[in-house]
Amino acid sequence: MKKLINQWTLGPTLASNSDKALLQNFTNTIIDRGADGWRMWYSKYKLAEKEYNFGYMDLTHDFKVVHNVLAEITDKPGADGLKILGIPSHWNIVQPVYIRLPDGRERLYFWGHGSEGVCRYEIAESTDGVNFFVKDWRRPTLYHPNDRAITRDSLKHKSLTIYCHCMHRDPDPKEPEASEDMLMNDATNVYLLPNGTFELYSADVVELPKDAPEPHQKDPVIRFVQRRTSADGIHWSKSQRVVFRDDRDPFDLQFYYLAMNCRPNGNRIGFLGHYRSDPGTMDIECCFSKDGIDWKRTRIPDFPREKGIASVYASNAMIEKDGLYYLFYSAFNHTHHGDIDPESKESKLMSWLRVATIPVSVLDEYIEDALR
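If you're wondering where the values come from, they're calculated on a predicted model, not measured in any experiment.

1. Digging into the environment of Thr335
Examined against the element boundaries, Thr335 turns out to sit in the loop between β24 (324–332) and β25 (351–359). For the pair formed by Thr335 and Tyr256, sequence separation is 79 residues and the distance between their alpha carbons is 13 Å. Those residues in contact with Thr335 that lie beyond four places of it in its chain are Pro279, Gly280, Thr281, Ala310 and Ser311.

2. Describing the state of the cysteines
In total, this model carries zero disulfides according to the counting rule given. Unpaired in this structure, Cys262 has its nearest cysteine sulfur neighbour in Cys287, at a distance of 13 Å. A residue is classified by how much of its surface remains accessible, and Cys262, at 27% relative accessible area, is partly exposed. Lacking any disulfide linkage, Cys287 is separated from the closest cysteine sulfur, that of Cys286, by 6.3 Å.

3. Digging into the sheet that holds strand β14 (residues 189–192)
Strand order in the open sheet formed by four strands is β14-β15-β16-β17, and the pairing between neighbours is antiparallel. Since the sheet does not close on itself, it has two edges, and those belong to β14 and β17 (240–243), each with one partner. On average, adjacent strands in this sheet sit at an angle of 35 degrees to one another, irrespective of strand direction. Where β14 meets strand β15 (residues 198–207), four bridges bridge the pair, whose relative direction is antiparallel. If you follow Val190 over to β15, its bridge partner there is Leu200.

4. Side note on the pairing of strand β19 (residues 268–276)
With eight of nine residues buried, β19 is to be regarded as a mostly interior element. Counting the residues that bridge the hairpin from strand β18 (residues 253–262) to β19 gives five residues, and of these Gly266 lies at a positive phi of roughly 95 degrees. Pairing of β19 with strand β20 (residues 281–289) involves nine bridges; the strand directions are antiparallel. Its bridge partner being in β20, Arg276 is matched across the sheet by Thr281. Where β19 hands over to β20, the hairpin turn is made up of four residues, of which Gly280 adopts a positive phi near 90 degrees.

Parameters and conventions
Residues numbered from 1 in each chain as written. Predicted model: local features only at pLDDT ≥ 70, side-chain atom pairs only at ≥ 80, totals over all residues. Heavy atoms only, no water. Helix = DSSP H or I, 4+ residues; strand = E, 2+ residues; numbered from the N terminus. Contact = heavy atoms within 4.5 Å. Disulfide = S-S within 2.5 Å. Buried < 20%, exposed > 50% of the residue type's maximum accessible area, 1.4 Å probe, protein only. Pairing = 2+ DSSP bridges. Axes fitted to C-alpha atoms, helices over the stretch in contact; angles between N-to-C directions.

Here you go:
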């Protein structure tokens, strides 16, 4: 089989740094709007100030931005824009996944970060595409290990003593404690499958053992990919580890996320966050599955990372259109650790939202060969 890395055609840059903030469409949903072009959900964040927000850009067929909307946390519904209602106004929100439900309602999954010790995966729903309501932010769908609702016992059982807000927590008596079955890391993709059920992929993490052979790594955890299923997209099954490092992989390889497309025949095309935690670089590795549980990996980067680019991340899913798969992705001139690539033309942290294509026939043939 030909290497996939040589089969991609890199397209234009859609957007880059804005208002001293980095941009990413990582885990975010892309929508083919037919005659109206594209809608790209994205996140905007300032690392130093720890400010996060999300929104969407409407693009023409040839990827020119014609409309850019950022979310507003508010307690008053509006006639236009993007309103998030039912959460504290000081929260930071990031990494939206958009799903249109079979009954016409629109749903957003996103991470809410609050200074009171909150780091949880929330759901907001809308009937008009403008006003998205969170039913009860104290009862999210899932939690990050750093949320105040996570107990020390749960962290201990999950081998995650490094979390829990630097070893202190201030629980809220108005909300329940989270069970260890509700923990996942923050690189999360959610899907509505053709059969009407939901599937979720996120990172599962354990602390890097003190006696690990790679103690010089800058990242003190090991990331795997976990899978969950749900009938309603709200109440999830226990996590199941489906992609993890083995003896054939480099010692510092971690799996940062899994983005996927479910084909009509049930086969899944996956893109893994191929994260080398020693240098901090991020690539995209292709993988394939017939059931979402057993995944066949290529074990190599399958997407071109240009000179001066240290990290590339896939969006939530590809779009199939006119014989091509369109992959919207994020590119950065710096590593996960914040180190600027020595070949970067920029001396500051930079981000770019971009698109690439690959023929459907090429990738589908690759899948069929891989799954035989």
